[in-house]
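Architecture and fold: a report
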Amino acid sequence: MSGIPDTVIERLKAAVGPKGVIDNPEDMTPYLVEWREKWQGKAALVVRPGSTEEVAEVVRICAETGTRIVPQGGNTGLVGGSIPFERGDEVVLSLGRMNRVRNLDPLNDTITVEAGCILQDVQGAAEEAGRLFPMRIASEGTCQIGGNLSTNAGGTAVLRYGNMRDLVLGLEVVLPDGRIWNGLRGLRKDNTGYDLKQLFIGAEGTLGIITAAVLKLYPMPAERQVAFIAVPDPESAVELLAVAKQTSGGQVTGFEIMPRLGLDLVLKLLPDARDPFADAHGWYVLMELSSGDSGGALRGAIERALETGFENGLVADAVIAESEQQTMDLWALREGLSEAQKIGGGSIKHDVSIPVPDMPAFIRRADQALQQVIPGFRSMAFGHIGDGNVHYNPLQPEGADAAAFLAKWQDVADVVHGIVHDMGGSISAEHGLGRLKVDEVRRYKSAVEMELMSTIKRALDPKNIMNPDKTVTP
Ligand code: FAD
(Lines give C-alpha, C1' and ligand atoms only; values in the text may rest on other atoms or scores of the structure.)
Protein backbone atom coordinates (compact mmCIF):
# COMPACT_ATOMS: atom_id res chain seq x y z
CA MET A 1 0.00 0.00 0.00
CA SER A 2 1.66 3.21 -1.18
CA GLY A 3 -1.08 5.69 -0.33
CA ILE A 4 -1.14 6.62 -4.02
CA PRO A 5 -4.13 5.26 -6.00
CA ASP A 6 -3.26 2.50 -8.49
CA THR A 7 -4.75 4.60 -11.30
CA VAL A 8 -2.15 7.33 -10.64
CA ILE A 9 0.67 4.79 -10.52
CA GLU A 10 -0.47 3.36 -13.87
CA ARG A 11 -0.59 6.85 -15.43
CA LEU A 12 2.94 7.61 -14.18
CA LYS A 13 4.22 4.33 -15.58
CA ALA A 14 2.63 5.07 -18.95
CA ALA A 15 4.22 8.55 -18.98
CA VAL A 16 7.77 7.18 -18.84
CA GLY A 17 7.37 3.76 -20.48
CA PRO A 18 8.84 0.47 -19.23
CA LYS A 19 12.46 1.72 -19.41
CA GLY A 20 11.65 4.55 -17.04
CA VAL A 21 9.94 2.61 -14.23
CA ILE A 22 11.38 0.91 -11.15
CA ASP A 23 8.76 -0.59 -8.86
CA ASN A 24 10.43 -3.74 -7.62
CA PRO A 25 11.40 -3.16 -3.94
CA GLU A 26 14.88 -4.62 -4.36
CA ASP A 27 15.70 -2.47 -7.40
CA MET A 28 14.28 0.61 -5.68
CA THR A 29 16.58 0.25 -2.65
CA PRO A 30 19.57 2.28 -3.97
CA TYR A 31 17.21 5.22 -4.59
CA LEU A 32 15.84 5.11 -1.05
CA VAL A 33 19.01 4.98 1.02
CA GLU A 34 21.53 7.71 1.67
CA TRP A 35 25.13 6.65 0.95
CA ARG A 36 26.12 6.68 4.66
CA GLU A 37 22.76 5.00 5.49
CA LYS A 38 21.83 7.93 7.73
CA TRP A 39 18.36 8.03 6.07
CA GLN A 40 16.33 5.19 4.63
CA GLY A 41 12.98 6.12 3.03
CA LYS A 42 10.14 4.49 1.15
CA ALA A 43 8.55 5.40 -2.18
CA ALA A 44 5.50 4.31 -4.14
CA LEU A 45 7.55 4.29 -7.33
CA VAL A 46 10.83 5.42 -8.87
CA VAL A 47 10.44 7.05 -12.28
CA ARG A 48 13.36 7.70 -14.60
CA PRO A 49 12.14 9.93 -17.44
CA GLY A 50 14.22 10.01 -20.62
CA SER A 51 13.34 13.53 -21.79
CA THR A 52 12.17 16.93 -20.58
CA GLU A 53 8.72 16.21 -22.05
CA GLU A 54 8.50 13.02 -20.00
CA VAL A 55 9.50 14.91 -16.84
CA ALA A 56 6.80 17.46 -17.60
CA GLU A 57 4.17 14.76 -18.11
CA VAL A 58 5.09 13.10 -14.79
CA VAL A 59 4.90 16.43 -12.96
CA ARG A 60 1.56 17.30 -14.60
CA ILE A 61 0.07 14.02 -13.36
CA CYS A 62 1.49 14.60 -9.88
CA ALA A 63 0.18 18.20 -9.78
CA GLU A 64 -3.28 17.09 -10.85
CA THR A 65 -3.42 14.29 -8.25
CA GLY A 66 -1.52 15.98 -5.41
CA THR A 67 1.26 13.38 -5.57
CA ARG A 68 4.54 14.37 -3.93
CA ILE A 69 7.81 14.22 -5.87
CA VAL A 70 11.38 13.79 -4.63
CA PRO A 71 13.85 14.76 -7.37
CA GLN A 72 17.07 12.78 -7.27
CA GLY A 73 20.44 13.12 -8.99
CA GLY A 74 23.47 11.07 -7.96
CA ASN A 75 22.13 10.75 -4.38
CA THR A 76 25.43 11.97 -2.89
CA GLY A 77 23.87 14.87 -0.96
CA LEU A 78 24.74 14.89 2.72
CA VAL A 79 21.54 16.36 4.19
CA GLY A 80 18.90 13.80 3.16
CA GLY A 81 17.28 16.02 0.50
CA SER A 82 17.17 13.31 -2.16
CA ILE A 83 15.71 10.62 0.11
CA PRO A 84 11.91 10.25 0.44
CA PHE A 85 10.29 10.12 3.86
CA GLU A 86 9.34 6.83 5.53
CA ARG A 87 5.60 7.18 4.77
CA GLY A 88 5.93 5.71 1.26
CA ASP A 89 3.54 8.19 -0.38
CA GLU A 90 6.13 9.95 -2.56
CA VAL A 91 7.48 9.29 -6.04
CA VAL A 92 11.24 9.51 -6.60
CA LEU A 93 12.06 11.19 -9.92
CA SER A 94 15.58 10.21 -10.90
CA LEU A 95 17.26 12.24 -13.67
CA GLY A 96 19.89 9.56 -14.42
CA ARG A 97 18.65 8.77 -17.95
CA MET A 98 18.84 12.42 -19.02
CA ASN A 99 22.58 12.44 -19.54
CA ARG A 100 23.22 13.99 -22.95
CA VAL A 101 25.57 16.84 -23.75
CA ARG A 102 23.29 18.89 -25.98
CA ASN A 103 25.82 21.41 -27.25
CA LEU A 104 29.36 22.69 -26.71
CA ASP A 105 30.24 26.12 -28.05
CA PRO A 106 33.99 26.80 -27.76
CA LEU A 107 33.66 30.39 -28.97
CA ASN A 108 30.99 31.24 -26.42
CA ASP A 109 32.83 29.09 -23.84
CA THR A 110 29.62 27.24 -22.91
CA ILE A 111 28.41 23.67 -22.63
CA THR A 112 24.70 22.77 -22.56
CA VAL A 113 24.03 19.56 -20.68
CA GLU A 114 21.10 17.61 -19.35
CA ALA A 115 20.61 17.47 -15.59
CA GLY A 116 21.48 13.77 -15.29
CA CYS A 117 25.00 14.19 -16.67
CA ILE A 118 27.60 13.05 -14.15
CA LEU A 119 29.90 15.91 -13.19
CA GLN A 120 33.03 13.99 -14.19
CA ASP A 121 31.58 13.35 -17.67
CA VAL A 122 30.95 17.07 -18.11
CA GLN A 123 34.53 17.82 -17.05
CA GLY A 124 35.67 15.19 -19.61
CA ALA A 125 33.53 16.60 -22.45
CA ALA A 126 34.93 20.07 -21.78
CA GLU A 127 38.48 18.73 -21.72
CA GLU A 128 38.03 17.00 -25.07
CA ALA A 129 37.25 20.43 -26.51
CA GLY A 130 40.32 21.91 -24.79
CA ARG A 131 38.25 23.68 -22.13
CA LEU A 132 37.87 23.48 -18.36
CA PHE A 133 34.63 23.03 -16.43
CA PRO A 134 36.08 23.96 -13.04
CA MET A 135 33.64 22.47 -10.49
CA ARG A 136 35.68 19.93 -8.48
CA ILE A 137 34.27 17.84 -5.63
CA ALA A 138 35.21 14.46 -4.19
CA SER A 139 31.84 12.98 -5.29
CA GLU A 140 32.32 14.05 -8.94
CA GLY A 141 32.27 10.48 -10.26
CA THR A 142 28.67 10.03 -9.05
CA CYS A 143 26.95 13.37 -8.49
CA GLN A 144 24.98 14.94 -11.32
CA ILE A 145 24.77 18.46 -12.72
CA GLY A 146 21.11 18.77 -11.64
CA GLY A 147 22.10 17.87 -8.07
CA ASN A 148 25.10 20.22 -8.20
CA LEU A 149 22.84 23.06 -9.29
CA SER A 150 20.09 22.23 -6.82
CA THR A 151 22.57 22.28 -3.93
CA ASN A 152 24.67 25.14 -5.33
CA ALA A 153 27.68 22.85 -4.88
CA GLY A 154 31.02 24.30 -3.83
CA GLY A 155 34.17 22.19 -3.68
CA THR A 156 37.87 22.80 -3.93
CA ALA A 157 38.08 25.42 -6.69
CA VAL A 158 35.49 27.94 -5.42
CA LEU A 159 38.24 30.33 -4.42
CA ARG A 160 39.10 30.86 -8.10
CA TYR A 161 35.94 30.06 -10.07
CA GLY A 162 33.06 30.45 -7.62
CA ASN A 163 30.40 27.91 -6.72
CA MET A 164 27.75 26.42 -9.00
CA ARG A 165 25.70 29.63 -8.89
CA ASP A 166 28.61 31.41 -10.56
CA LEU A 167 29.08 28.78 -13.26
CA VAL A 168 25.63 28.88 -14.88
CA LEU A 169 24.27 31.05 -17.67
CA GLY A 170 20.92 29.38 -18.31
CA LEU A 171 18.51 26.70 -17.10
CA GLU A 172 15.65 24.57 -18.34
CA VAL A 173 13.19 23.76 -15.55
CA VAL A 174 9.94 21.83 -15.26
CA LEU A 175 7.74 23.88 -12.94
CA PRO A 176 5.54 22.30 -10.24
CA ASP A 177 2.47 22.54 -12.50
CA GLY A 178 4.24 20.70 -15.34
CA ARG A 179 5.01 23.72 -17.55
CA ILE A 180 8.49 23.83 -19.08
CA TRP A 181 10.51 27.03 -18.62
CA ASN A 182 13.19 27.20 -21.31
CA GLY A 183 15.78 29.62 -19.98
CA LEU A 184 18.72 27.98 -21.77
CA ARG A 185 20.37 31.26 -22.75
CA GLY A 186 24.11 31.50 -23.15
CA LEU A 187 24.20 35.18 -22.27
CA ARG A 188 26.73 36.80 -19.98
CA LYS A 189 24.61 39.92 -19.75
CA ASP A 190 20.82 39.88 -19.44
CA ASN A 191 19.14 42.56 -17.36
CA THR A 192 15.51 41.90 -18.21
CA GLY A 193 14.07 41.69 -14.72
CA TYR A 194 14.52 39.07 -12.02
CA ASP A 195 17.27 36.50 -12.54
CA LEU A 196 14.88 33.54 -12.36
CA LYS A 197 17.50 30.82 -12.75
CA GLN A 198 19.00 31.79 -9.39
CA LEU A 199 15.71 30.84 -7.69
CA PHE A 200 16.13 27.21 -8.72
CA ILE A 201 19.85 27.02 -7.94
CA GLY A 202 20.26 25.94 -4.33
CA ALA A 203 16.49 25.25 -4.00
CA GLU A 204 17.13 21.53 -3.37
CA GLY A 205 14.27 20.45 -5.65
CA THR A 206 11.59 22.42 -3.78
CA LEU A 207 10.62 24.78 -6.62
CA GLY A 208 10.84 22.62 -9.75
CA ILE A 209 12.93 20.06 -11.58
CA ILE A 210 16.03 21.26 -13.38
CA THR A 211 16.29 19.32 -16.66
CA ALA A 212 19.19 21.07 -18.44
CA ALA A 213 21.69 23.91 -18.03
CA VAL A 214 24.08 26.12 -19.95
CA LEU A 215 27.38 26.09 -18.03
CA LYS A 216 30.43 28.33 -18.34
CA LEU A 217 33.74 26.97 -19.61
CA TYR A 218 37.24 28.32 -19.03
CA PRO A 219 40.66 27.91 -20.65
CA MET A 220 42.47 24.74 -19.57
CA PRO A 221 45.24 25.61 -17.10
CA ALA A 222 48.60 25.32 -18.86
CA GLU A 223 50.56 25.31 -15.60
CA ARG A 224 49.61 23.98 -12.18
CA GLN A 225 51.69 24.11 -9.00
CA VAL A 226 50.64 22.20 -5.90
CA ALA A 227 52.28 22.37 -2.48
CA PHE A 228 51.59 20.55 0.78
CA ILE A 229 52.57 22.88 3.59
CA ALA A 230 52.98 22.39 7.33
CA VAL A 231 51.75 25.47 9.22
CA PRO A 232 51.82 26.17 12.97
CA ASP A 233 48.14 27.12 13.22
CA PRO A 234 45.07 28.22 11.21
CA GLU A 235 46.02 31.91 11.71
CA SER A 236 49.25 31.25 9.77
CA ALA A 237 47.23 29.52 7.04
CA VAL A 238 45.02 32.57 6.57
CA GLU A 239 48.03 34.89 6.41
CA LEU A 240 49.80 32.57 3.97
CA LEU A 241 46.76 32.70 1.68
CA ALA A 242 47.03 36.49 1.49
CA VAL A 243 50.76 36.18 0.68
CA ALA A 244 50.12 33.59 -2.06
CA LYS A 245 47.34 35.67 -3.65
CA GLN A 246 49.80 38.55 -3.83
CA THR A 247 52.82 36.67 -5.19
CA SER A 248 50.74 34.83 -7.82
CA GLY A 249 48.65 37.79 -8.93
CA GLY A 250 45.41 36.10 -7.86
CA GLN A 251 46.12 32.62 -9.29
CA VAL A 252 45.34 30.60 -6.13
CA THR A 253 42.83 27.94 -7.20
CA GLY A 254 42.61 25.78 -4.09
CA PHE A 255 43.55 26.36 -0.45
CA GLU A 256 42.54 23.55 1.90
CA ILE A 257 43.36 22.99 5.56
CA MET A 258 43.53 19.87 7.73
CA PRO A 259 44.77 19.12 11.26
CA ARG A 260 47.36 16.46 12.13
CA LEU A 261 44.62 14.07 13.23
CA GLY A 262 43.13 14.31 9.73
CA LEU A 263 46.43 13.37 8.10
CA ASP A 264 46.86 10.46 10.55
CA LEU A 265 43.44 9.07 9.60
CA VAL A 266 44.07 9.43 5.85
CA LEU A 267 47.41 7.62 6.22
CA LYS A 268 45.53 4.76 7.90
CA LEU A 269 42.88 4.72 5.15
CA LEU A 270 45.21 4.83 2.13
CA PRO A 271 47.85 2.09 2.37
CA ASP A 272 50.05 3.69 -0.34
CA ALA A 273 49.91 7.21 1.06
CA ARG A 274 52.85 8.60 3.01
CA ASP A 275 53.47 11.59 5.25
CA PRO A 276 55.31 14.18 3.11
CA PHE A 277 57.36 15.29 6.14
CA ALA A 278 59.74 13.59 8.57
CA ASP A 279 58.23 15.42 11.56
CA ALA A 280 54.62 15.72 12.69
CA HIS A 281 53.06 19.20 12.57
CA GLY A 282 49.87 20.69 14.01
CA TRP A 283 48.21 21.77 10.77
CA TYR A 284 48.62 21.34 7.01
CA VAL A 285 47.57 23.35 3.97
CA LEU A 286 47.20 22.03 0.47
CA MET A 287 47.65 24.93 -1.93
CA GLU A 288 47.15 24.90 -5.68
CA LEU A 289 48.00 27.68 -8.13
CA SER A 290 46.99 27.43 -11.76
CA SER A 291 47.32 29.59 -14.82
CA GLY A 292 46.49 29.58 -18.53
CA ASP A 293 50.03 30.80 -19.20
CA SER A 294 52.63 28.07 -19.77
CA GLY A 295 55.61 30.39 -19.29
CA GLY A 296 56.61 28.84 -15.94
CA ALA A 297 55.85 31.94 -13.85
CA LEU A 298 53.78 30.02 -11.32
CA ARG A 299 56.74 28.04 -10.02
CA GLY A 300 58.40 31.31 -9.05
CA ALA A 301 55.16 32.55 -7.50
CA ILE A 302 54.68 29.48 -5.29
CA GLU A 303 58.34 29.53 -4.23
CA ARG A 304 58.14 33.23 -3.33
CA ALA A 305 54.98 32.61 -1.29
CA LEU A 306 56.67 29.79 0.64
CA GLU A 307 59.88 31.78 1.17
CA THR A 308 57.91 34.70 2.59
CA GLY A 309 55.96 32.22 4.69
CA PHE A 310 59.18 30.69 6.11
CA GLU A 311 60.64 34.14 6.86
CA ASN A 312 57.49 35.26 8.69
CA GLY A 313 57.02 32.03 10.65
CA LEU A 314 53.85 31.09 8.75
CA VAL A 315 55.37 27.95 7.23
CA ALA A 316 57.13 25.18 9.18
CA ASP A 317 57.86 22.89 6.21
CA ALA A 318 56.66 22.45 2.64
CA VAL A 319 56.88 20.20 -0.42
CA ILE A 320 56.07 21.20 -3.98
CA ALA A 321 54.82 18.47 -6.33
CA GLU A 322 57.39 17.74 -9.05
CA SER A 323 55.17 15.56 -11.27
CA GLU A 324 51.53 14.87 -12.09
CA GLN A 325 51.74 11.73 -9.93
CA GLN A 326 52.96 13.75 -6.94
CA THR A 327 50.20 16.28 -7.52
CA MET A 328 47.64 13.48 -7.40
CA ASP A 329 49.27 11.94 -4.32
CA LEU A 330 49.12 15.25 -2.44
CA TRP A 331 45.48 15.83 -3.41
CA ALA A 332 44.67 12.26 -2.31
CA LEU A 333 45.72 13.24 1.24
CA ARG A 334 43.04 15.93 1.23
CA GLU A 335 40.34 14.06 -0.66
CA GLY A 336 40.68 10.92 1.45
CA LEU A 337 39.59 12.78 4.55
CA SER A 338 35.80 12.58 3.99
CA GLU A 339 36.07 8.78 4.04
CA ALA A 340 38.90 8.54 6.61
CA GLN A 341 36.86 10.14 9.38
CA LYS A 342 34.97 6.85 9.74
CA ILE A 343 38.16 5.26 11.09
CA GLY A 344 38.06 7.74 13.97
CA GLY A 345 34.62 6.48 15.12
CA GLY A 346 31.59 8.72 15.69
CA SER A 347 31.82 12.10 13.99
CA ILE A 348 29.36 14.99 14.27
CA LYS A 349 29.25 16.94 11.01
CA HIS A 350 28.98 20.68 10.52
CA ASP A 351 29.37 22.48 7.21
CA VAL A 352 29.86 26.08 8.22
CA SER A 353 31.16 29.32 6.74
CA ILE A 354 32.69 32.29 8.52
CA PRO A 355 34.46 35.32 7.02
CA VAL A 356 37.94 33.99 6.13
CA PRO A 357 39.96 36.11 8.62
CA ASP A 358 37.70 34.99 11.52
CA MET A 359 37.90 31.26 10.79
CA PRO A 360 40.85 30.56 13.16
CA ALA A 361 39.02 32.31 16.04
CA PHE A 362 35.90 30.27 15.26
CA ILE A 363 37.81 26.97 15.43
CA ARG A 364 39.36 27.94 18.77
CA ARG A 365 36.06 29.14 20.26
CA ALA A 366 34.19 26.03 19.15
CA ASP A 367 36.97 23.73 20.46
CA GLN A 368 36.92 25.40 23.87
CA ALA A 369 33.13 25.43 24.16
CA LEU A 370 32.78 21.76 23.17
CA GLN A 371 35.20 20.58 25.84
CA GLN A 372 32.42 21.52 28.31
CA VAL A 373 29.85 19.41 26.41
CA ILE A 374 32.03 16.37 25.57
CA PRO A 375 35.29 16.38 27.51
CA GLY A 376 38.06 14.66 25.56
CA PHE A 377 36.42 14.99 22.12
CA ARG A 378 38.93 15.26 19.26
CA SER A 379 38.79 18.40 17.13
CA MET A 380 38.54 17.93 13.38
CA ALA A 381 38.18 21.11 11.31
CA PHE A 382 39.16 20.73 7.67
CA GLY A 383 38.39 21.86 4.16
CA HIS A 384 38.00 24.97 2.13
CA ILE A 385 39.48 27.60 4.46
CA GLY A 386 40.40 29.68 1.39
CA ASP A 387 36.73 30.52 0.93
CA GLY A 388 35.84 30.58 4.62
CA ASN A 389 34.22 27.13 4.71
CA VAL A 390 35.37 24.34 7.00
CA HIS A 391 33.79 21.06 7.86
CA TYR A 392 33.90 21.25 11.64
CA ASN A 393 33.38 17.58 12.49
CA PRO A 394 34.31 16.77 16.12
CA LEU A 395 35.31 13.14 16.62
CA GLN A 396 34.37 11.02 19.61
CA PRO A 397 36.94 10.75 22.43
CA GLU A 398 39.38 7.89 21.82
CA GLY A 399 37.83 4.57 22.88
CA ALA A 400 34.44 6.12 23.72
CA ASP A 401 31.10 4.63 22.76
CA ALA A 402 30.17 5.96 19.30
CA ALA A 403 26.42 5.72 19.85
CA ALA A 404 26.60 7.66 23.13
CA PHE A 405 28.71 10.33 21.42
CA LEU A 406 26.36 10.61 18.43
CA ALA A 407 23.39 10.91 20.79
CA LYS A 408 24.78 14.33 21.69
CA TRP A 409 24.57 15.49 18.02
CA GLN A 410 22.00 18.22 18.65
CA ASP A 411 23.69 19.50 21.83
CA VAL A 412 26.94 19.79 19.90
CA ALA A 413 25.25 21.40 16.88
CA ASP A 414 23.56 23.95 19.17
CA VAL A 415 26.93 25.03 20.53
CA VAL A 416 28.71 25.10 17.17
CA HIS A 417 25.92 26.79 15.22
CA GLY A 418 25.38 29.27 18.05
CA ILE A 419 29.01 30.40 17.72
CA VAL A 420 28.74 30.46 13.92
CA HIS A 421 25.66 32.67 14.13
CA ASP A 422 27.28 34.93 16.68
CA MET A 423 30.26 35.40 14.34
CA GLY A 424 28.12 36.28 11.32
CA GLY A 425 28.51 32.90 9.60
CA SER A 426 26.21 30.35 7.94
CA ILE A 427 25.18 26.93 9.27
CA SER A 428 25.22 25.46 5.76
CA ALA A 429 28.03 26.61 3.51
CA GLU A 430 27.69 24.10 0.70
CA HIS A 431 25.56 21.02 1.44
CA GLY A 432 22.16 22.69 1.82
CA LEU A 433 19.41 22.11 4.39
CA GLY A 434 17.49 19.03 3.15
CA ARG A 435 15.95 17.07 6.00
CA LEU A 436 18.87 17.66 8.32
CA LYS A 437 18.59 21.40 8.92
CA VAL A 438 15.08 22.32 7.76
CA ASP A 439 13.95 23.06 11.33
CA GLU A 440 17.22 24.33 12.66
CA VAL A 441 17.64 27.05 10.04
CA ARG A 442 14.62 28.89 11.45
CA ARG A 443 16.62 29.66 14.55
CA TYR A 444 19.37 31.39 12.61
CA LYS A 445 17.71 33.18 9.70
CA SER A 446 15.59 36.24 10.37
CA ALA A 447 11.78 36.07 10.32
CA VAL A 448 11.85 38.28 7.22
CA GLU A 449 14.16 35.87 5.33
CA MET A 450 12.08 32.84 6.32
CA GLU A 451 8.84 34.56 5.27
CA LEU A 452 10.32 35.52 1.89
CA MET A 453 11.42 31.91 1.28
CA SER A 454 7.94 30.61 2.21
CA THR A 455 6.28 33.21 -0.04
CA ILE A 456 8.36 32.06 -3.02
CA LYS A 457 7.62 28.40 -2.25
CA ARG A 458 3.85 29.07 -2.04
CA ALA A 459 3.88 31.09 -5.26
CA LEU A 460 5.67 28.47 -7.34
CA ASP A 461 4.40 25.31 -5.69
CA PRO A 462 0.96 26.09 -4.21
CA LYS A 463 0.11 22.40 -3.86
CA ASN A 464 3.39 21.72 -2.04
CA ILE A 465 4.28 18.67 -4.14
CA MET A 466 7.95 19.43 -4.83
CA ASN A 467 10.19 17.78 -2.23
CA PRO A 468 7.87 18.84 0.62
CA ASP A 469 9.08 19.28 4.21
CA LYS A 470 12.67 19.74 3.08
CA THR A 471 14.67 22.99 3.04
CA VAL A 472 11.67 25.33 3.44
CA THR A 473 8.15 25.12 4.81
CA PRO A 474 5.36 26.90 2.90
P1 FAD B 1 21.38 14.47 -4.89
O2 FAD B 1 22.05 14.04 -3.64
O3 FAD B 1 20.71 13.41 -5.67
O4 FAD B 1 20.30 15.60 -4.55
C5 FAD B 1 20.64 16.72 -3.79
C6 FAD B 1 19.41 17.66 -3.71
O7 FAD B 1 19.11 18.19 -4.99
C8 FAD B 1 18.15 16.95 -3.26
O9 FAD B 1 17.38 17.85 -2.50
C10 FAD B 1 17.43 16.62 -4.56
O11 FAD B 1 16.03 16.54 -4.38
C12 FAD B 1 17.81 17.80 -5.43
N13 FAD B 1 17.93 17.49 -6.85
C14 FAD B 1 18.79 16.61 -7.44
N15 FAD B 1 18.68 16.69 -8.78
C16 FAD B 1 17.75 17.63 -9.04
C17 FAD B 1 17.20 18.19 -10.24
N18 FAD B 1 17.59 17.79 -11.44
N19 FAD B 1 16.25 19.16 -10.13
C20 FAD B 1 15.83 19.59 -8.92
N21 FAD B 1 16.31 19.10 -7.76
C22 FAD B 1 17.27 18.15 -7.82
N23 FAD B 1 29.29 19.09 -1.83
C24 FAD B 1 29.90 20.27 -2.04
O25 FAD B 1 29.22 21.28 -2.31
N26 FAD B 1 31.26 20.38 -1.93
C27 FAD B 1 32.05 19.33 -1.66
O28 FAD B 1 33.27 19.49 -1.58
C29 FAD B 1 31.43 18.07 -1.48
N30 FAD B 1 32.17 16.97 -1.24
C31 FAD B 1 31.55 15.76 -1.10
C32 FAD B 1 32.32 14.63 -0.90
C33 FAD B 1 31.72 13.38 -0.77
C34 FAD B 1 32.60 12.17 -0.56
C35 FAD B 1 30.31 13.27 -0.84
C36 FAD B 1 29.62 11.94 -0.74
C37 FAD B 1 29.53 14.39 -1.03
C38 FAD B 1 30.13 15.64 -1.16
N39 FAD B 1 29.38 16.80 -1.38
C40 FAD B 1 30.01 18.00 -1.58
C41 FAD B 1 27.90 16.73 -1.37
C42 FAD B 1 27.24 16.36 -2.72
O43 FAD B 1 28.10 15.60 -3.54
C44 FAD B 1 26.77 17.62 -3.45
O45 FAD B 1 25.77 18.24 -2.68
C46 FAD B 1 26.23 17.35 -4.86
O47 FAD B 1 26.04 18.59 -5.50
C48 FAD B 1 24.92 16.57 -4.86
O49 FAD B 1 24.66 16.13 -6.19
P50 FAD B 1 23.76 14.83 -6.46
O51 FAD B 1 23.58 14.70 -7.93
O52 FAD B 1 24.31 13.66 -5.78
O53 FAD B 1 22.39 15.30 -5.81
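Look above for the structure.
**Quick word on the sheet that holds strand β18 (residues 389–392)**
If you walk across this open sheet you meet the three strands as β16-β18-β17, and the pairing is antiparallel. One side of each edge strand has no neighbouring strand; the edge strands of this open sheet are β16 (351–353) and β17 (381–382). In terms of strand pairing, β17 meets β18 through two bridges, oriented antiparallel. Directly across from Ala 381, in β18, lies its bridge partner Tyr 392. Its contacts with the sheet place helix α13 (residues 359–373) against β16, β17 and β18, and it is angled at close to 15° to β18.

**As for the pairing of strand β6 (residues 110–114)**
The buried fraction of β6 is high, at five of five residues. Residues Thr 110, Thr 112 and Glu 114 of β6 are buried on one face, and the alternating residues Ile 111 and Val 113, pointing to the opposite face, are buried as well. Following strand β5 (residues 101–105), the chain reverses through four residues before pairing antiparallel with β6; Asp 109 in that reversal takes a positive phi of roughly 55°. The pairing of β6 with strand β10 (residues 209–216) spans five bridges and is antiparallel. From the neighbouring strand, Thr 112 faces β10, where its bridge partner is Val 214.

**Topic: helix α17 (residues 447–460)**
A turn of α-helix holds 3.6 residues, and therefore any two residues three or four places apart point the same way. With 14 residues, α17 extends 20 Å from end C-alpha to end C-alpha; this agrees with the ideal 20 Å at 1.5 Å per step. Where α17 is buried, its residues touch α16 (441–444).

**A look at the pattern of salt bridges**
Going through the model one piece at a time under the given rule, you end up with 30 salt bridges. Among the salt bridges present, the one from Arg 435 reaches Glu 86, with a minimum N-O distance of 2.9 Å. One end of the pair, Arg 435, is in the loop between α15 (409–422) and α16; the other, Glu 86, is in the loop between β3 (68–72) and β4 (90–94), with 349 residues separating them in the sequence. Classification of Glu 86 as partly exposed rests on a relative accessible area of 40%. Here Arg 442 ties to Asp 439 by a salt bridge, and the two come within 3.5 Å at their closest N and O atoms. Connected through salt bridges with shared partners, the residues Arg 100, Arg 102, Glu 114 and Glu 172 form a single ionic network.

**A word on the sheet that holds strand β14 (residues 283–291)**
Taken together, four strands build an open sheet; the order of strands is β13-β14-β12-β15 and the sheet is antiparallel. Pairing within the sheet leaves two strands with one partner each, and these edge strands are β13 (252–259) and β15 (317–320). Neighbouring strand axes in the sheet, compared pairwise and without regard to direction, differ in orientation by 15° on average. Note that β13 and β14 share seven bridges and pair antiparallel. Its bridge partner lying in β14, Glu 256 is registered against Leu 286. Helix α8 (residues 234–248) rests against β12 (223–231), β13 and β14 of the sheet, and its axis sits at about 165° to β13.

**Remarks on a nonpolar patch on the surface**
Together, Tyr 194, Leu 196, Leu 199 and Ile 456 make up an exposed nonpolar region whose accessible area comes to about 410 Å². A residue is classified by how much of its surface remains accessible, and Tyr 194, at 77% relative accessible area, is exposed.

**So, the nonpolar core**
Ile 229, Phe 255, Val 285, Met 287, Phe 362, Val 390 and Tyr 392 are the most contacted members of the largest nonpolar core, which has 51 residues in total. Counting residues in hydrophobic clusters, the runner-up holds 32 residues, among them Met 135, Leu 149, Tyr 161 and Leu 207.

Scoring rules and cut-offs
Residues numbered from 1 in each chain as written. Predicted model: local features only at pLDDT ≥ 70, side-chain atom pairs only at ≥ 80, totals over all residues. Heavy atoms only, no water. Pairing = 2+ DSSP bridges. Helix = DSSP H or I, 4+ residues; strand = E, 2+ residues; numbered from the N terminus. Contact = heavy atoms within 4.5 Å. Axes fitted to C-alpha atoms, helices over the stretch in contact; angles between N-to-C directions. Buried < 20%, exposed > 50% of the residue type's maximum accessible area, 1.4 Å probe, protein only. Expected span 1.5 Å × (residues − 1). Salt bridge = Lys/Arg side-chain N within 4 Å of Asp/Glu carboxyl O. Patch = residues over 30% accessible without salt bridge, like charges linked within 9 Å, V, L, I, M, F, W, Y side chains within 5 Å. Areas by Shrake-Rupley, 256 points an atom, 1.4 Å probe, with all protein chains shown as cover. Core = buried A, V, L, I, M, F, W, Y, C linked by side-chain atoms within 4.5 Å.

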